[in-house]
Amino acid sequence: MLLNLHVKNMALIREIDVDFKDGLNVFTGETGAGKSLILGSLNIALGQKASKDIIREDAEYALVELTFSMNEKSREKLVDNDITVDEDCIVVSRKIMRNRSVAKVNGETVNVSVLKDIMSDLVDIHGQHEHQSLLYKENYIKILDEYSKKDLGNLLEELKKEYSEYIKLKAQLEELDIDDKKRARDIEFLKFEVNEIENANLEANEDVLIEEEFKKISENSSLADTLSNIEMCLGFSDNSSAGNSVANAISAINNIHSDNQDVENIKNSIYDLEDLLRTTLSDIERLKSGISLDRERENLLESRLDEINKLKIKYGQSIEEINDYLENQKKELDLLLNFEENKEKLKSEIFNLEKKLHEKALKISSIRKNNAEILQKLVEDALKDLNFMAVKFTIKIGEKENISAEGIDDIEFLVSTNVGMEPKPLRNVASGGELSRIMLALKSILAGNDDIDTLIFDEIDTGISGITALKVAEKMSLISRNHQVICISHLSQIAAMADSHYLIEKKADDNSTITSIKLLSYDERVDELVRINSGFNKTDAAINQAKEMLESARNSKK
């Protein structure tokens, strides 16, 4: 159940905090007050893509936070995703910033797919235009399968997996259907690739080990070369070296015959310099002698790395990928070398899989047909509750020409809303208001067939009024006995039926316009019903009508 909604800096909302209750929670308000923002903020928290334009101009971010009571399925999903389980609540937040968004569950950051998966067991949102999905025939099988899911178990998942394998085998068979010349060219090309990889005799993780060894040897070689260069610069063998220059300096200063103390000091410094050079050269020689050099091994490793890297460029970014590519090419080569044998083998596998698929599809079809008989009666009864007085609803299941990932069933929803009229395809005969009520009937039935705690309806009352609106209100109240229902509405009949009635208002000051929400008292509910029914013409008759509606709704719920 949804316990709390907190929204900050989102469009017209500066900050709101709403506590929800059991039963039927209804939001009403004038057009443009921000009713759509409530549903929008809920959708954003549940993973819907959010535009940065939703952030208030005077704010750096927008935030929406939902607090749910926890059910067993969501608890299991938290554990599966290593998310902290805090008492019996789940806190979901989504922070929208100018360049990114962050989603969190119980304080831990999650990606949007995980967020959607966890929330799928907590809330089901019916948007304003969702009933239009009934205009598309491909959605009917999804509705029937949703109702039949307990009986279907894992059959549909198994069928989809086997169908995927079937399509893969069919594609392989089509690839074998090539002319002899092309097959011969393909064989030669595959042989070349297979031989090139196999002749390399690659070993697992070989490239990493070689690179480590090559790096170590290369570093030693580089150090030895550098020390040799330094030795040449400081030594006594080359005319331009420092040692030879110091020797020339010693020879020159020895030719000076003088008792001058400064000259003697310079002579001593030059001798010290020669000693320092010889000591340094000795240290260099000792360091060089301790370096292990294997030029032949270094060249061998470099050559092997070049060979591996050339294969990586052609066949994969790692030895593992290259070997995977090799196995795939060997299979392709085997298929072409043993063309006829493999072709017959593939045909046999496809035949056996087709048989298996057909048997499973028939089993699924039988389950669908059994559930369709029950579902069509439930929908028909629910539609009568929604003021379809002469309704007839039928689920027709035919057989498709070819099997698919969904089986062999071709499903059509048929409806008749007038006496003496034969049921016709729903998508061809139902009006917008009728589609909305039919979707509500389906939602009410499916809600009783799953464990989702919270159902949210956005203007389910589109295109209806009068007694029909009252029937819709009664149906919403009935659903709310076993589920928390949150409804955004513009009809007084639904507002009167609410267990908790919230008003959404838009207010303007000198600087900005903001949306606010408050839970209404009895007197405030009367005023809001008067507004919905009569505008702001607050007459005694309008007030009495509103009070009568609340009393009638209270008696109806009893």
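Our subject is the structure that appears above.
Residues numbered from 1 in each chain as written. Predicted model: local features only at pLDDT ≥ 70, side-chain atom pairs only at ≥ 80, totals over all residues. Heavy atoms only, no water.

With that settled, consider the side chain of S148. You can see S148 is positioned in helix α4 (residues 140-152). In contact with S148, not counting residues within four places along its chain, are I367 and N371. (Helix = DSSP H or I, 4+ residues; strand = E, 2+ residues; numbered from the N terminus. Contact = heavy atoms within 4.5 Å.)

Since one α-helical turn is 3.6 residues long, residues separated by three or four positions face the same way. Between its terminal C-alpha atoms helix α15 (residues 466-479) stretches 20 Å, which fits the 20 Å expected from 14 residues at 1.5 Å a residue. For α15, the full list of buried residues reads T468, A469, V472, A473, K475, M476, S477 and I479. (Expected span 1.5 Å × (residues − 1). Buried < 20%, exposed > 50% of the residue type's maximum accessible area, 1.4 Å probe, protein only.)

A separate point is unusual backbone geometry. Although it is not a glycine, A11 sits at a positive phi angle of roughly 55°. Its place among the elements puts A11 in the loop between β1 (2-10) and β2 (13-19). Of the residues examined, A11 reaches a relative accessible area of 29% and is grouped as partly exposed. Backbone geometry at N205 places phi at a positive 65°, although glycine is not the residue there. Position of N205 relative to the elements: it lies in the loop between α6 (180-199) and α7 (206-234).

Pairing analysis gives 9 bridges linking strand β9 (residues 392-404) to strand β10 (residues 407-416), with the strands arranged antiparallel. Counterpart to T394 in the pairing with β10 is L414. Where β9 folds back onto β10 in an antiparallel hairpin, the turn is made up of 2 residues. (Pairing = 2+ DSSP bridges.)

Let's shift gears to the packing of aromatic side chains. All told, the structure shown has 7 aromatic pairs when counted by the stated rule. Measuring from ring centre to ring centre gives 4.9 Å for F27 and Y502, while their planes differ by 15°; the resulting arrangement is stacked. Placement of F27 in strand β3 (residues 24-28) and of Y502 in strand β14 (residues 500-508) is noted, with a sequence separation of 475 residues between them. Assessed through its relative accessible area of 0%, F27 is described here as buried. Look at Y502 and you get buried, because its relative accessible area is 2%. (Phe/Tyr/Trp six-rings, centres within 6.5 Å; stacked < 30°, edge-to-face > 60°.)

The side chains of a regular strand alternate between both faces of the sheet. Two strands pair when backbone bridges link them, and β3 and β14 are joined in this way by 4 bridges, in the parallel orientation. Residue pairing for β14: T28 is matched across the bridge by L503. Looking at chain direction, β14 and strand β15 (residues 513-519) are connected through 7 bridges and run antiparallel. Bridge pairing in β15 links Y502 to L519.

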